[in-house]
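The chain contents come next:
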There are 2 protein chains.
Amino acid sequence: MARTRHASLDCSPGCAVEATLALIDGKWKGVILHHLGEGTMRFNEIRRRLPSVTQRMLTNQLRELEADGLITRRVYAEVPPRVEYSLSERGRSLAPVIRALKEWGDEHVMAALQKAA
Amino acid sequence: MARTRHASLDCSPGCAVEATLALIDGKWKGVILHHLGEGTMRFNEIRRRLPSVTQRMLTNQLRELEADGLITRRVYAEVPPRVEYSLSERGRSLAPVIRALKEWGDEHVMAALQKAA
DNA sequence: GCCCATAGTGTCGAAAAGGATACCGTGATG
DNA sequence: CATCACGGTATCCTTTTCGACACTATGGGC
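Remember, predicted model here, so these are calculated numbers, not experimental data.

Participant: Teacher, can you tell me more about the overall build of chain A here?
Facilitator: Counting its secondary structure elements, chain A contains six helices and three strands. Order of helices (α) and strands (β) in chain A, N terminus to C terminus: α-α-β-α-α-β-β-α-α. Counting the 117 residues in chain A, one finds 46% classified as buried. Sequence-distant contacts in chain A: of pairs separated by 6 or more residues, those separated by 24 or more amount to 48%. Surface accessibility of chain A: about 6,100 Å² in total, with carbon and sulfur atoms responsible for 52%.

Participant: For this particular structure, what's the right way to read the sheet that holds strand β3 (residues 82–87) of chain B?
Facilitator: Remark on secondary structure: sheet strands pair via backbone hydrogen bonds, oriented parallel or antiparallel. Residue and element names in this part refer to chain B. Sheet architecture is open: three strands sit in the order β1-β3-β2, paired in antiparallel fashion. In this open sheet, the two edge strands, each paired with only one partner strand, are β1 (41–42) and β2 (71–76). Bridge analysis of β2 against β3 gives six bridges, and the strand direction is antiparallel. When the bridges of β3 are listed, Ile71 appears paired with Leu87.

Participant: Can you help me understand the sheet that holds strand β1 (residues 41–42) of chain A in this one?
Facilitator: Residues and elements named next belong to chain A. An order of β1-β3-β2 is seen for the three strands of this open sheet, with the pairing classed as antiparallel. Strands with a single pairing partner mark the edges of an open sheet, and in this sheet they are β1 and β2 (71–76). Along the sheet, helix α2 (residues 29–36) contacts β1, β2 and β3 (82–87); its crossing angle with β3, the most-contacted strand, is approximately 90°. Against the sheet, helix α4 (residues 55–67) contacts β2 and β3, and its axis sits at roughly 115° relative to β2.

Participant: What should I look at first to understand the interface of chain A and chain B in this one?
Facilitator: One frequently used descriptor of interface size is the decrease in accessible area upon assembly of the parts. Of the residues lining the interface, 43 residues belong to chain A; the matching set on chain B comes to 43 residues. Broken down residue by residue, the surface that chain A buries against chain B is led by Val17, Leu101 and Trp104 of chain A, which jointly contribute 18%. Applying the counting rule to chain A against chain B returns zero salt bridges. For the interface between chain A and chain B, the tally reads 14 residue pairs in polar contact (both at pLDDT 80 or more). Every element with two or more residues in the side of chain A that touches chain B is listed here: α1 (15–24), α2, α5 (89–93) and α6 (95–116) of chain A. The dominant element in the side of chain A that touches chain B, judged by the number of residues it contributes, is α6 of chain A, at twelve residues. For the side of chain A that touches chain B, the per-class residue count stands at 23 nonpolar, eleven polar and nine charged.

Participant: Looking at this model, I keep getting lost on the protein's contact with DNA strand C. Mind explaining?
Facilitator: Neighbouring DNA strand C are 20 residues; Arg56 of chain A together with Gln55, Arg56, Arg73 and Tyr85 of chain B lie closest to it. What you see for DNA strand C is that sugar and phosphate hold 68% of its atoms within 4 Å of the protein. Among the elements of the structure, α4 of chain A together with α3 (43–49), α4 (55–67) and β3 of chain B are those that each provide at least two residues to the surface near DNA strand C. A per-element tally of the surface near DNA strand C places α4 of chain B first, with four residues.

Participant: Would you mind showing me how to read the protein's contact with DNA strand D here?
Facilitator: Near DNA strand D there are 21 residues, and of these Gln55, Arg63, Arg73 and Tyr85 of chain A together with Met57 of chain B occur at the shortest range. Taken together, the sugar and phosphate atoms account for 73% of what DNA strand D places within 4 Å of the protein. The separation between a base oxygen of DNA strand D and a polar side-chain atom of Arg56 of chain A is 3.0 Å. If you list the elements that add at least two residues to the surface near DNA strand D, you get α3 (43–49), α4 and β3 of chain A together with α4 of chain B. Looking at the surface near DNA strand D, the element that brings in the most residues is α4 of chain A, giving four residues. Tallied by class, the residues present in the surface near DNA strand D amount to eight nonpolar, five polar and eight charged.

What counts and what doesn't
- Residues numbered from 1 in each chain as written.
- Chains lettered and ligands numbered in written order.
- Predicted model: local features only at pLDDT ≥ 70, side-chain atom pairs only at ≥ 80, totals over all residues.
- Heavy atoms only, no water.
- Helix = DSSP H or I, 4+ residues; strand = E, 2+ residues; numbered from the N terminus.
- Buried < 20%, exposed > 50% of the residue type's maximum accessible area, 1.4 Å probe, protein only.
- Contact = heavy atoms within 4.5 Å.
- Areas by Shrake-Rupley, 256 points an atom, 1.4 Å probe, with all protein chains shown as cover.
- Pairing = 2+ DSSP bridges.
- Axes fitted to C-alpha atoms, helices over the stretch in contact; angles between N-to-C directions.
- Buried area = accessible area lost by both parts, 1.4 Å probe.
- Salt bridge = Lys/Arg side-chain N within 4 Å of Asp/Glu carboxyl O.
- Polar contact = N/O pair within 3.5 Å; in protein donor to acceptor, adjacent residues only side chain to side chain.
- Nonpolar A, V, L, I, M, F, W, Y, C, P; charged D, E, K, R; others polar.
- Near = heavy atom within 4 Å.

Everything listed here is a matter of geometry and, on its own, says nothing about what the molecule does.
Listed below in structure tokens is the structure:
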């Protein structure tokens, strides 16, 4: 499922830009990475922070992030089940990018929304 | 067309991250902004840099970027027609974000592709 | 007279994304 | 005995995305 996007990265100089975007687009991945930046969390903990994401979507996005090596998934053989998610080394290296996105958004989007209200 | 994405920005702290992503996702916008960072360009000039984008898609993405206030479109009443695109003030302010995306991609994605080849 | 380039637009249809809902096993709790 | 919480799956269906292709107007060159 998914991961078809940009199978061929055929652009020359801007390629890297799209390659990075391909990893963090997908409607929820950006926020998930942002939240996981605060530390390890379990499934429903993340879910509570994203009020409007469905279980199916959250599973999906987490699986893709894992497949891309950005997060780590640790399952504990317990009942009730416990699954913890955390940023991988690679995921942590994305921090500056996430921060840049957040800062720009705070300054140029959120501010505009304030005014509109 | 489009622009439905994230009509309701209901997340709390990561909201700004998604808000920014909503502006630059869309398969080609990232690269377009990257290229326009080099200066004003006309339609077919951009198109030549993006070998695999269709005319329809390019028009579409440019219109969305314009609607979001990131680029400026100047039409000259000439024949054959001439239309020039350039970054707006707001678009230029995105430069650090684009740069962050590109740098991460160069380091963490392109490098991996080199090895694979 | 015909074709070229420019900067598009319109329509079609396939594929992907994503939402709703129901279901799973287990152990604790009421 | 029934119910809840956990971390998911499975299935269905609607919406969105996006590529292919055809079409437009105009003026210049051959």
